[in-house]
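The lines below spell out each chain.
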Amino acid sequence: MDIVIKLNSQTVGKDKVARLCQYSCRALWASKDGSESIETIQLLKHIESILSSFRKLLRFGKGFEVLYSATAGLKLKELSAQLFITLGKIASGLFLLADHVVWLSRSGINKNINTSKWVDRSNRFWLISILFNLCRDVQELYRLFVYYSRSNIRNLQRTLYAVYRENKPLLVDTIKNVCDVFIPLNGLGIVPVSNQTIGLLGAISSLMGLLPLVYPRLKF
């Protein structure tokens, strides 16, 4: 119960929980088949749509906040880390701003917006943001792998275990980004993936995003 209260007290916590339910609904309706499941599929799709709209409203205005926070990455000493974090946050901010426009269109506030064009822009910025985050994860994983392999840990299995045991926040972040990257790739038609797979990947990445909120030691 304490975990539920803790998540519900944070805007980001509400967003992650809603995201988990949203993608779980997609995975569920995509797994249904047969005429007897038509009503269930329609209900799950309706819930998914409501949760998607709720999340867009919940994040409204956050794009400006993320763009402003991009300057924090410039304070890091390592140039590559500065590059990945700063550009990743800029892309994430632009993704959210494009997503705000999509919400304005779908909510009926502005009917003159080309929704499909802005959805495409949103997916492109989201993809760029995830790719920068993945570059940071891969760079850090490579650095750690080299470090452990040059130490007394010569066995590959022991090296991998050491990376897992001592760097769980990095692994959680990497899993989240790997799962997330397929969602905009699918949305842009670059890598077509089934709705059930997208639902499962979205649910897994949402769980990975929830873990650092519940256990702060897992924040990367």
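Residues numbered from 1 in each chain as written. Predicted model: local features only at pLDDT ≥ 70, side-chain atom pairs only at ≥ 80, totals over all residues. Heavy atoms only, no water.

If you check an unreviewed UniProt entry, the protein appears there as Peroxisomal membrane protein 11B from Anopheles quadriannulatus. Listed under Subcellular location (unreviewed entry) in UniProt, the entry text for the protein is "Peroxisome membrane". (UniProt positions renumbered as here; feature names shortened; annotations may be inferred.)

Novice: What am I meant to see in the overall build of the protein here?
Specialist: Broken down by element type, the protein carries 9 helices and 0 strands. N-terminal to C-terminal, the α/β element order of the protein is α-α-α-α-α-α-α-α-α. Sequence-distant contacts, at least 24 apart, represent 69% of the contacts inside the protein between residues at least 6 apart. Accessible surface, the protein as shown: approximately 13,200 Å² in total, 60% of it carbon and sulfur. (Helix = DSSP H or I, 4+ residues; strand = E, 2+ residues; numbered from the N terminus. Contact = heavy atoms within 4.5 Å. Areas by Shrake-Rupley, 256 points an atom, 1.4 Å probe, with all protein chains shown as cover.)

Novice: Could you clarify how one ought to interpret the nonpolar core in this entry?
Specialist: Judged by nonpolar contacts, the single largest core of 13 residues is most densely connected at Tyr23, Trp126, Leu127, Ile130, Val181 and Ile183. Sorting the residues of this core by element identifies α5 (79-106), α6 (115-150) and α8 (168-187) as the ones contributing at least two each. Element by element, the count of residues in this core is highest for α6, at 4 residues. When neighbours within four sequence positions are excluded, Ile130 is seen to be in contact with Asn177, Asp180, Val181 and Pro184. (Core = buried A, V, L, I, M, F, W, Y, C linked by side-chain atoms within 4.5 Å. Buried < 20%, exposed > 50% of the residue type's maximum accessible area, 1.4 Å probe, protein only.)

Novice: For this particular structure, what's the right way to read the packing of aromatic side chains?
Specialist: Aromatic ring pairs are defined here through the distance separating the ring centres and the angle between the ring planes. Taken as a whole and assessed by the stated rule, the structure comprises 2 aromatic pairs. Between Phe60 and Trp103, the ring centres sit 5.3 Å apart and the planes meet at 55 degrees, which makes this aromatic pair tilted. You can see Phe60 sitting in the loop between α3 (38-58) and α4 (62-69) and its partner Trp103 sitting in helix α5, a full 43 residues away along the chain. Between the aromatic rings of Phe95 and Trp126, the centroid separation amounts to 5.4 Å while the plane-to-plane angle is 20 degrees, which identifies the pairing as stacked. With Phe95 in helix α5 and Trp126 in helix α6, this pair connects stretches of sequence that are 31 residues apart. Among the residues examined, Phe95 registers a relative accessible area of 10% and is labelled buried. Sitting above the plane of the Trp29 ring, Lys45 keeps its charged end 4.4 Å from the centroid. Looking at Arg121, its charged tip hangs above the ring of Trp118, at a distance of 4.5 Å from the centre. (Phe/Tyr/Trp six-rings, centres within 6.5 Å; stacked < 30°, edge-to-face > 60°. Lys NZ or Arg CZ within 6 Å of the ring centre and 35° of its normal.)

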